Amino acid sequence: MGPQNEDAFNNRIQSNHDPEITAQQVKKYLQANPDFLDGFVMDEIQLEQLERWMIRKTQRTRKVTQTEKNGRKTSLSRWKFCVHADKRQMLQDLIHSLQLRPTKMHVLWELANCICSAVNADGFRLYLTDATEAESLHLCLSNSFIDENGDPKPLQIKSDAILPNYVAKVRENLRLSRGDVDHRFPRDLLDRSEMAHVMCQPIVYPDGSLVAVLELWRRDCGAPFYEEDEEIGCSYLVWGGIAIHYAHLNLVGLKQRKLNDFLLAVVKSIFQDMVSMEMLVSKIMNFAQRLVDADRASLFLVDSKSKELYATIFDVGCDSKATKTENETDPSKAPNEIRFPLGTGIAGQVALTGEVLNIVDAYADTRFNRSIDQLTGYKTESILCMPIFIRGSVIGVVQMVNKRTGCFNKEDEEAFEMFAVYCGLALHHAKLYDKIRRSEQKYRVALEVLSYHNTCTDAEVEQCLEVGIPQKIPGVDSYDFSPFDIDDHQKALYSVFMFKDLFGLGRFDQNSIIRFTLTVKKNYRRVPYHNWTHGFSVANTMYSIIKNCGAVFRPNECLALFIGSLCHDLDHRGKNNKFMLDTEAPLAAIYSTSTMEHHHFNQTVTILQQEGHNIFAKLNSSEYKQVLSLIKHCILATDLALFFPNKAKLTNLVDEEKFSWTISEHRMLIQAIAMTGADLSASAKPWEVQTETVKVIFAEFYDQGDEEKKAGRKPIPMMDRDQPDQQAASQLGFLTGICVPCYTLLHRLIPETKPMLNMCNENLKTWQKIANENAK
């Protein structure tokens with residue numbers, strides 16, 4: 001229609017000459033004048049309205065189902081999309097497919113079906129890239145080849161896949177029809193196939209890396225592919241690429257989760273059930289075999305001394321039989337162990353270099369030993385040999401043989417690399433476990449030997465029974481009792497007497513008491529001061545406190561106080577805690593605080609655990625735990641470093657009149673002060689006992705000072721034998737700063753201990769006189 005007709009039509013409407021123009025007339029007019037319709041739409045209609053019309057038109061004309069040649073219905077190719085198909089619906093369907101079958105192959109398959117339907121292609125082929133080589137195509141999926149379940153059946157690509165390989169290389173779209181002249185390809189490229197028209201498009205990840213190449217084709221009866229077809233495919237591939245990317249991420253996540261679950265099972269198994277190296281090796285091989293789906297697995301450990309690899313269990317396979325490995329060449333070796341030098345065979349090479357060997361064709365590798373296959377009849381095809389490191393050194397090699405499906409790949413290497421970390425830790429700890437187990441056996445043997453020499457004999461027990469325990473010992477409960485008036489054997493008899501006098505035999509066995517006491521005597525070392533005489537003297541003083549103070553302490557507290565006093569310096573070496581720390585003695589490495597006191601308590605427990613020595617055997621479980629806890633508290637209280645905070649706490653309670661015998665914490669404090677008072681009781685003995693004790697104390701001090709001089713350190717003056725004039729001054733400071741405050745506080749709570757305070761003050765005066773004379 002010319003401009004005159006358009007103007008005439010407009011004039012007719014505007015002049016209202018024909019006011020009743022029907023929709024049918026407008027429709028007829030537009031059909032007869034398409035140029036007018038085209039111009040009107042282009043000039044007057046907004047783009048948003050056009051898009052809405054296109055979507056509505058697409059939905060109206062969309063076919064509900066799309067049946068393929070074989071009658072299979074797919075989740076994405078149910079409809080035949082036109083040029084302006086609703087992309088949102090397509091994306092929703094693609095996401096739905098991703099949820100149902102979240103694999104890259106299925107997403108690609110559905111995407112290819114969708115594009116094939118959208119461009120009216122007769123068929124397609126989908127060429128997938130190789131996992132290790134980005135531009136190498138290795139599998140082909142075709143709508144013509146599906147399995148009995150309707151799933152795509154992968155096919156190896158043919159050598160004549162020239163177009164897909166070219167597109168994979170250049171990453172550009174390609175359209176070609178039969179008869180086209182293209183200098184890049186032979187003229188007869190499509191002559192021998194049913195494909196008359198071909199369009200190839202690369203499918204890439206968002207980062208640009210190639211995923212696959214889609215080849216679409218039409219027969220002779222179809223039209224060639226045009227640029228519009230490319231645009232349709234590209235528009236879908238934008239969405240599809242994202243879906244494929246997330247399908248890949250999902251697959252990686254699933255694999256990682258599976259690997260993590262596998263490694264968790266490995267860790268639980270090889271660490272929780274660690275019993276022996278043989279069992280661990282067997283588990284590692286079984287796990288390694290499952291990890292990479294190998295037919296057989298072997299584990300060789302490195303003997304760093306002999307520079308050899310060795311194995312006691314090898315070639316664990318799917319059956320229960322074990323065969324020889326390619327490295328077993330020495331028939332003289334025991335059948336349950338094989339050994340060969342580092343660098344020999346494939347495993348030896350890996351152990352020597354620490355590098356991974358992934359061999360696709362074992363017979364093509366000169367390092368492989370074929371003779372074992374000939375002997376066993378087993379055919380080795382592929383090998384994956386991995387080193388196991390710990391602290392940067394190769395400690396073992398795992399060799400896996402014949403992957404059940406295909407060859408060992410990069411994923412197998414990466415998975416096993418992570419697995420090998422746990423293997424290294426497990427093997428390292430298994431070796432340590434074996435060493436500890438052997439050390440434990442050595443310790444038991446040593447303990448047995450020491451126990452024999454440090455435990456009283458049956459003859460000694462019989463001798464005590466023949467002599468008999470005294471029925472009465474005059475003056476033994478006096479604070480003035482001298483330990484120097486009786487010999488060591490009598491001290492043991494007196495200790496048994498004091499125990500019986502305090503606790504009776506209703507809950508205790510006399511033979512156990514005798515055996516325990518004799519063994520305690522034997523475990524005091526022959527040092528000048530901290531010896532059996534000192535242990536007995538402290539126990540005697542505690543006995544006197546308990547006997548004279550009435551019932552201020554409960555029965556189990558009395559039991560702990562007496563036994564704690566008797567054992568409080570067991571196995572003392574004549575050196576103080578500071579010396580132990582300064583010389584980095586083994587005991588200081590075990591106990592960083594109250595070093596010797598912890599050792600004394602542990603020695604007490606060790607003696608109680610020996611056969612026939614458990615004097616608490618008749619106590620119930622609750623009493624037994626309570627007594628042991630109190631004994632530990634009492635022995636640790638003899639550390640003078642704890643005396644000062646204990647004294648300060650107790651003094652505050654007494655000064656503020658808050659002390660209560662009903663509060664367990666308060667009772668623990670008075671027990672600790674009582675232990676200190678008993679331990680220092682030589683300062684509260686008559687002057688003759690005091691001076692005799694000071695002699696042996698300084699003899700021990702001087703021995704320590706001599707050791708410190710040998711180590712290049714300067715001892716404190718009272719431990720320097722070259723400064724004997726320091727004795728009086730040191731004793732004066734000791735009694736003034738520690739002993740008198742201790743007995744003063746003890747007297748405030750237990751008045752019956754006043755004789756100890758009085759005697760300590762008398763000795764203080766004497767030392768003051770000596771100090772004054774030395775000062776002249």
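Predicted, not measured: the structure shown is a model, and the values here were computed from it.

### Notes on the environment of L465
Piece 1. Tracing the backbone shows L465 in helix α13 (residues 458-467).
Piece 2. With a relative accessible area of 34%, L465 lands in the partly exposed category.
Piece 3. Measuring from C-alpha to C-alpha, the distance between L465 and Q510 comes to 9.6 Å, with 45 residues separating the pair along the chain.
Piece 4. Those residues in contact with L465, other than ones at most four positions away along the chain, are Q510, N511 and I514.

### Considering the side chain of T541
Piece 1. Structurally, the position occupied by T541 is in helix α16 (residues 532-548).
Piece 2. In this structure, T541 is in contact with A678, S681, K685 and M756, ignoring residues within four places of it in sequence.

### Description of the packing of helix α25 (residues 726-749) against helix α26 (residues 754-775)
Piece 1. One can describe the packing of α25 onto α26 by two numbers: an axis separation of 9 Å at closest approach and a directional angle of 160°. Between α25 and α26, the interaxial angle falls into the category roughly antiparallel. The handedness of the crossing between α25 and α26 is left-handed. For the pair formed by α25 and α26, the contact residues are A728, Q731, L732, L735, T736, C739, V740, Y743, T744 and H747 on the first element and K754, M756, L757, C760, N761, N763, L764, W767, Q768, I770, A771 and N774 on the second.
Piece 2. In terms of residue class, the contact of α25 with α26 is built from 13 nonpolar, eight polar and one charged.

### What to know about the side chain of D365
Piece 1. Note on placement: D365 falls in the loop between β11 (357-359) and α11 (371-376).
Piece 2. Here R367 takes part through its side chain, which lies 2.7 Å from a polar atom of the side chain of D365.

### What to know about the packing of helix α14 (residues 488-503) against helix α17 (residues 555-567)
Piece 1. Packing of α14 against α17 leaves a shortest axis separation of 11 Å and a crossing angle of 170°. Relative to α17, the element α14 lies roughly antiparallel. Here α14 contributes S495, M498, F499, L502 and F503 to the contact with α17, which in turn contributes P555, C558, L559, F562, I563 and L566.
Piece 2. Taken together, the residues of the contact of α14 with α17 sort by class into ten nonpolar, one polar and no charged.

### Comments concerning a nonpolar patch on the surface
Piece 1. On the surface, a cluster of nonpolar side chains totalling about 480 Å² of accessible area is made up of V238, W239, I242, Y246 and L249.
Piece 2. Position of L249 among the secondary structure elements: in helix α8 (residues 227-272).

### Comments concerning the UniProt feature "active site" (unreviewed entry) in the chain
Piece 1. In the numbering used here, UniProt assigns the feature "active site" (unreviewed entry) to H530.
Piece 2. Here H530 lies in the loop between α15 (510-522) and α16.
Piece 3. We classify H530 as buried; its relative accessible area is 16%.
Piece 4. The contacts of H530, once residues within four sequence positions are left out, are Y524, R525, D569, H572 and E700.
Piece 5. In this structure the side chain of H530 is engaged in a polar contact, spanning 2.4 Å, whose partner is the side chain of E700.

### Some words on the UniProt feature "binding site: Zn(2+) 2" (unreviewed entry) in the chain
Piece 1. Following the UniProt record, the feature "binding site: Zn(2+) 2" (unreviewed entry) maps to D569 here.
Piece 2. Along the chain, D569 turns up in the loop between α17 and α18 (577-582).
Piece 3. Owing to a relative accessible area of 5%, D569 belongs among the buried residues under this scheme.
Piece 4. D569 has contacts with Y524, H530, H534, H600 and D679, leaving out every residue within four places of it along the chain.
Piece 5. Only 3.1 Å separates the side chain of D569 from the side chain of H534, close enough to count as a polar contact.

### Remarks on the pattern of salt bridges
Piece 1. For the structure on display, the rule yields 25 salt bridges.
Piece 2. Taking the shortest distance from any N to any O, the salt bridge between R339 and E308 comes out at 3.2 Å. One end of the pair, R339, is in strand β10 (residues 338-341); the other, E308, is in strand β8 (residues 308-311), and 31 residues separate them in sequence.
Piece 3. One salt bridge in this structure joins D571 and R573, with 2.9 Å as the shortest N-O distance.
Piece 4. Through salt bridges that share partners, D303, E308 and R339 make up one connected network.

### Quick look at the state of the cysteines
Piece 1. Evaluation of the coordinates by the stated rule reveals zero disulfides.
Piece 2. With no disulfide partner, C739 has as its closest neighbouring cysteine sulfur the one in C760, 4.9 Å distant.
Piece 3. On the basis of relative accessible area, C739 is assigned to the buried category, the value being 0%.

### Description of α25
Piece 1. The end-to-end C-alpha separation of α25 is 34 Å, in line with the 34 Å expected for 24 residues at 1.5 Å each.
Piece 2. The sharpest bend along α25 measures roughly 40° and falls at L735.

Rules used in this analysis
Residues numbered from 1 in each chain as written. Predicted model: local features only at pLDDT ≥ 70, side-chain atom pairs only at ≥ 80, totals over all residues. Heavy atoms only, no water. Helix = DSSP H or I, 4+ residues; strand = E, 2+ residues; numbered from the N terminus. Buried < 20%, exposed > 50% of the residue type's maximum accessible area, 1.4 Å probe, protein only. Contact = heavy atoms within 4.5 Å. Axes fitted to C-alpha atoms, helices over the stretch in contact; angles between N-to-C directions. Parallel < 35°, antiparallel > 145°, perpendicular 65-115°, else oblique. Left-handed = near helix turned anticlockwise from the far one by under 90°. Nonpolar A, V, L, I, M, F, W, Y, C, P; charged D, E, K, R; others polar. Polar contact = N/O pair within 3.5 Å; in protein donor to acceptor, adjacent residues only side chain to side chain. Patch = residues over 30% accessible without salt bridge, like charges linked within 9 Å, V, L, I, M, F, W, Y side chains within 5 Å. Areas by Shrake-Rupley, 256 points an atom, 1.4 Å probe, with all protein chains shown as cover. Salt bridge = Lys/Arg side-chain N within 4 Å of Asp/Glu carboxyl O. UniProt positions renumbered as here; feature names shortened; annotations may be inferred. Disulfide = S-S within 2.5 Å. Expected span 1.5 Å × (residues − 1). Bend = angle between axes of the 7 residues up to and from the residue.

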